[in-house]
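Residue-level structure breakdown
Single-letter residue listing:
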Amino acid sequence: MKIWLDGGLQDIESARVSVFDHGLTVGDGIFETVKTVNGGPFALTRHLDRLARSARGLGLPEPDLDEVRRACAAVLEANPMPLGRLRITFTGGHGPLGSDRGEHGPTLVVALGDTTRRPDSTAVITVPWTRNERGALTGLKTTSYAENVVALARAREQGASEALFGNTVGRLCEGTGSNVFVVLDGEIHTPPVASGCLAGITRALAVEWTGAAETDLPMDVLQRADEVFLTSTLRDVQAVRRVDDRELPGAPGPATAKAMRIFDEHAAADLDP
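This text gives an overview of the structure that appears in the document. What you are looking at is a predicted structure, and each value in this text was computed from that prediction instead of being measured. (Residues numbered from 1 in each chain as written. Predicted model: local features only at pLDDT ≥ 70, side-chain atom pairs only at ≥ 80, totals over all residues. Heavy atoms only, no water.)

**A word on the packing of aromatic side chains**
Summed over all chains, the structure comprises four aromatic pairs. Here the aromatic rings of Phe42 and Phe263 are separated by 6.2 Å at their centres, their planes lie at 65 degrees, and the arrangement is edge-to-face. With a gap of 221 residues between them, Phe42 in the loop between strand 4 (40-41) and helix 2 (44-58) and Phe263 in helix 6 (residues 254-269) connect regions that are remote in the sequence. According to the relative accessible area criterion, Phe263 is buried, its value standing at 2%. A network of ring pairs unites the aromatic residues Phe42, Trp209 and Phe263 as a single cluster. Looking at Lys35, its charged tip hangs above the ring of Phe42, at a distance of 5.1 Å from the centre. One cation-aromatic arrangement involves Arg131 over Phe165; the distance from NZ or CZ to the ring centre is 4.0 Å. (Phe/Tyr/Trp six-rings, centres within 6.5 Å; stacked < 30°, edge-to-face > 60°. Helix = DSSP H or I, 4+ residues; strand = E, 2+ residues; numbered from the N terminus. Buried < 20%, exposed > 50% of the residue type's maximum accessible area, 1.4 Å probe, protein only. Lys NZ or Arg CZ within 6 Å of the ring centre and 35° of its normal.)

Below, the structure written as structure tokens:
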């Protein structure tokens, strides 16, 4: 296995990042996860645009997107696989043991792992913790992921693959690594970015391709929606068959099944939409 680290390919056994890297010591970093199909990255341009937005939001130097593209291409060529998870990580680099950044410049890592297609449906839970829709990191895809780790562990304990958060005013927000959609009277809705959710790449494509409405939704919509589904890079569009103790029989329902079909058709027609 080969990864890209700070300018070139390296063996995974020998590649090393400093123990003083700010991404490790204080979570000062950003990342993107990109689905790859037969060596081709899906929606890479959108992912790189968001990487740059996250860097600006965190106050990191602007990543050299041409270098990131070269790194992605090199890693994909070195590690052929039919379906993969390409991870781009960009951190504040070597720094002091505090919140101030050092002067060494950023760290860029690009790595690839194989994956499998997700099941058509899954179970989710809601958790008591909230997303802060007014926080300094809101809308940024940062490596500060510990609260997602805690929530996802809670979901696994309860036989679910995802945990859903509300925000500080009790509105539906997002999952630990996904966006959430609901179907009400045949119409598809998803929380707006103002709710505090990440502007997911798959979310944006699903909205464009299905005509879903961005709607401010209360948390209890999950107990009355006709259908619920998730979107993310590796889930694409995935039906929800259970929310907490509520079963949604027949998932995927008709609106979700149509959204799944539309997404698959558009994604197959254009690898970089």
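Read on for the rest.
**Some details on the pattern of salt bridges**
Here the idea is simple: oppositely charged side chains can pair when their charged atoms come close. Scanning the model with the defined rule gives 13 salt bridges in all. With a shortest N-O distance of 3.7 Å, Asp264 and Arg117 are connected by a salt bridge. Residue Asp264 is found in helix 6, and its partner Arg117 is found in the loop between strand 6 (107-114) and strand 7 (121-131); the two are separated by 147 residues along the sequence. Classification of Arg117 by relative accessible area gives partly exposed; the value is 48%. Bridged by salt links that share partners, the residues Arg131, Glu147 and Glu174 form one connected network. (Salt bridge = Lys/Arg side-chain N within 4 Å of Asp/Glu carboxyl O.)

**A few points about a nonpolar patch on the surface**
A contiguous nonpolar surface patch, about 450 Å² in accessible area, is contributed by Val19, Phe20, Leu24 and Leu97. Secondary-structure assignment places Val19 in the loop between strand 2 (8-11) and helix 1 (22-25). (Patch = residues over 30% accessible without salt bridge, like charges linked within 9 Å, V, L, I, M, F, W, Y side chains within 5 Å. Areas by Shrake-Rupley, 256 points an atom, 1.4 Å probe, with all protein chains shown as cover.)

**Points about the environment of Ser18**
By the element assignment, Ser18 lies in the loop between strand 2 and helix 1. Residues Ser18 and Arg117 lie 99 residues apart in sequence; the distance between their C-alpha atoms is 34 Å. When neighbours within four sequence positions are excluded, Ser18 is seen to be in contact with Leu24 and His94. There is a polar contact of 2.9 Å between the side chain of Ser18 and the backbone nitrogen of Phe20. (Contact = heavy atoms within 4.5 Å. Polar contact = N/O pair within 3.5 Å; in protein donor to acceptor, adjacent residues only side chain to side chain.)

**Concerning the nonpolar core**
In terms of nonpolar packing, the biggest core is built from 23 residues, with Leu86, Ile88 and Val110 touching the most fellow members. Of all the elements in the fold, those that place two or more residues in this core are strand 3 (29-37), helix 2, helix 3 (65-78), strand 5 (83-91) and strand 6. By residue number, the principal contributor to this core is helix 3, which donates six residues. The contacts of Val110, once residues within four sequence positions are left out, are Ile3, Trp4, Ala71, Cys72, Val75, Leu86, Arg87 and Ile88. Counting residues in each nonpolar core, the second largest holds 19 residues, with Ala43, Ala206, Ala255 and Ile262 among its members. (Core = buried A, V, L, I, M, F, W, Y, C linked by side-chain atoms within 4.5 Å.)

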